[in-house]
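The residues making up each chain are set out below.
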Amino acid sequence: MTLFSLEGKRALVTGANTGIGQAIAVELARAGAYVLCAGRRSCAQTVDEIQKVGAHGESVFLDFADPMAGAKNIAAYGELDILVNNAGIIRREDSLEFSEEDWDAVLDVNLKALFFTTQAFAKQLVARKSRGKVVNIASLLSFQGGIRVPSYTASKHGVAGVTKILANEWAAKGINVNAVAPGYIATNNTEALRDDPVRSAEILSRIPAGEWGKPEHIAGTAVYLSSAAADYVHGAILNVDGGWMAR
Ligand code: NAP
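What counts as what
- Think of each chain on its own: its residues are numbered from 1, step by step along the sequence as written.
- Local features in this predicted model are restricted to residues of pLDDT 70 or higher, and side-chain atom pairs are both shown and tallied only at a pLDDT of 80 or more, whereas totals for entire chains, interfaces and linings draw on every residue.
- Calculated side-chain values reflect all of the structure's heavy atoms, with hydrogen atoms and water omitted.
- A pairing counts as a salt bridge when a side-chain nitrogen of Lys or Arg comes within 4 Å of a carboxyl oxygen of Asp or Glu.
- Here a helix means four or more residues in a row that DSSP labels H or I, a strand means two or more in a row labelled E, and each is numbered from the N terminus.
- Think of it in three bands: residues with accessible area under 20% of the maximum for their type are buried, residues over 50% are exposed, and the middle band is partly exposed, with areas taken using a 1.4 Å probe on protein chains only.
- Axes, fitted as lines to C-alpha atoms, cover a helix only where it is in contact. Angles between the N-to-C directions of the axes lie from 0 to 180 degrees.
- Roughly parallel here means an angle under 35 degrees, roughly antiparallel means over 145, roughly perpendicular means 65 to 115, and every remaining angle is called oblique.
- Helix crossings get a hand from a simple test, with the near helix turned counterclockwise from the far one by less than a right angle marking a left-handed crossing and a clockwise turn marking a right-handed one.
- Between two residues, a contact is recorded if the distance between any of their heavy atoms is within 4.5 Å.
- Under the scheme applied here, ten amino acids are nonpolar (Ala, Val, Leu, Ile, Met, Phe, Trp, Tyr, Cys and Pro), four are charged (Asp, Glu, Lys and Arg), and all others, including Gly, are polar.
- Any residue with at least one heavy atom within 4 Å of a molecule or strand is counted as near it.
- Any pair of N or O atoms that falls within 3.5 Å is considered a polar contact. Within protein, one atom must be able to donate a hydrogen and the other to accept it, and sequence-neighbouring residues count only if both atoms are side-chain atoms.
- The method behind every accessible area is Shrake-Rupley, applied with a 1.4 Å probe, and residues are considered shielded solely by the protein chains displayed.

Throughout the structure, instances matching the rule amount to 12 salt bridges. Residues Arg 30 and Glu 27 are paired through a salt bridge, measuring 2.8 Å at the closest nitrogen-oxygen approach. Here Arg 30 pairs with Glu 27, and both are found in helix H1 (residues 19-30), just 3 residues apart, close to one helical turn. For Arg 30, a relative accessible area of 48% puts it in the partly exposed group. Shared partners join several salt bridges into a network, and the residues in it are Glu 79, Asp 81 and Arg 128.

Turning our eyes to something else, we now look at the packing of helix H4 (residues 100-127) against helix H5 (residues 150-170). Two numbers describe how H4 lies on H5: the axes approach to 8 Å, and their chain directions differ by 15°. In terms of orientation, H4 lies roughly parallel with respect to H5. Helix-helix and strand crossings are classified by hand; for H4 and H5 the assignment is right-handed. Taken together, the residues of H5 that come into contact with H4 (itself represented by Asp 102, Trp 103, Val 106, Leu 107, Asn 110, Leu 111, Leu 114, Phe 115, Thr 118, Gln 119 and Ala 122) are Pro 150, Ser 151, Tyr 152, Ala 154, Ser 155, Lys 156, Gly 158, Val 159, Val 162, Leu 166 and Trp 170. The residue inventory of the contact of H4 with H5, partitioned by class, reads 14 nonpolar, 6 polar and 2 charged.

Right, let's get into the site of the ligand. Around the ligand, the surrounding shell holds 29 residues, and the nearest of these are Asn 17, Arg 40, Arg 41, Tyr 152 and Thr 187. For the ligand, an oxygen atom lies 2.4 Å from a polar atom in the side chain of Arg 41. With respect to the ligand, the backbone of Phe 64 contributes an N or O atom lying 2.8 Å from a nitrogen atom. Relative to its free-state accessible area of 880 Å², the ligand is covered by the protein chains to the extent of 94%. Elements with a contribution of two residues or more to the shell around the ligand: H1 and H5. Among the residues forming the shell around the ligand, the class breakdown is 13 nonpolar, 12 polar and 4 charged.

Okay, structure coming up:
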């Protein structure tokens, strides 16, 4: 078994039906984990991809319309070793016009659901005296302001902060809490940007790698942070951004 093997582990990936979550679910499974692919829609396509590479997983229903849904359901998922908090939404509007509804919706899914799902996962680990790994999906907007996305930026700065406090509290319990900060990745989340020729050109011109990222670019870092290779990594936020933050 290599340092990066996830053989014998059970993982839950939220928002695993598409985009970055789908790519992470497939790679965790390929690395040996049994992956519970959680979505508010069916993750059948992800499970198909997992089976195509000879790996194992299943689709489970999880809708953060109730941000406490992960915490309420976690017992039904059996004993988990890895939690990837990937589900996330974005709402775009000038800050002068931004609505309370768009503020609350984004904070609920991106931050409140993430915290309480993670809390429930950690309680499970502590009760059975097991080690575990949490991988949060942060963003470049965990560090930068962005434009027209105030609730998203607040939520992702929050994800970075929560990653650090939980690492401080739980490292000694053998629970690793880390995050990946993806750059600009071609998914549903960034469709509006890619459809705007001005914003799209501005963004592309600042990416040293010279291209938008793909969901697969994020998956390997999630496998690493879920594996024994990251046993001494706590509270890290790893940029996977084609060099964006180096500019
Ligand atoms: P995406 O394709 O829009 O995927 C988002 C996932 O979250 C989908 O599976 C979505 O389900 C799920 N989700 C949304 N609301 C949910 C809810 N109420 N309950 C359960 N699941 C819900 O976008 P993505 O780019 O892959 O995003 C994945 C993560 O990466 C997000 O946290 C996002 O903020 C982060 N991220 C993305 C980028 C980027 O450039 N794309 C950059 C930095 C960070 P549905 O398909 O049903 O909507």
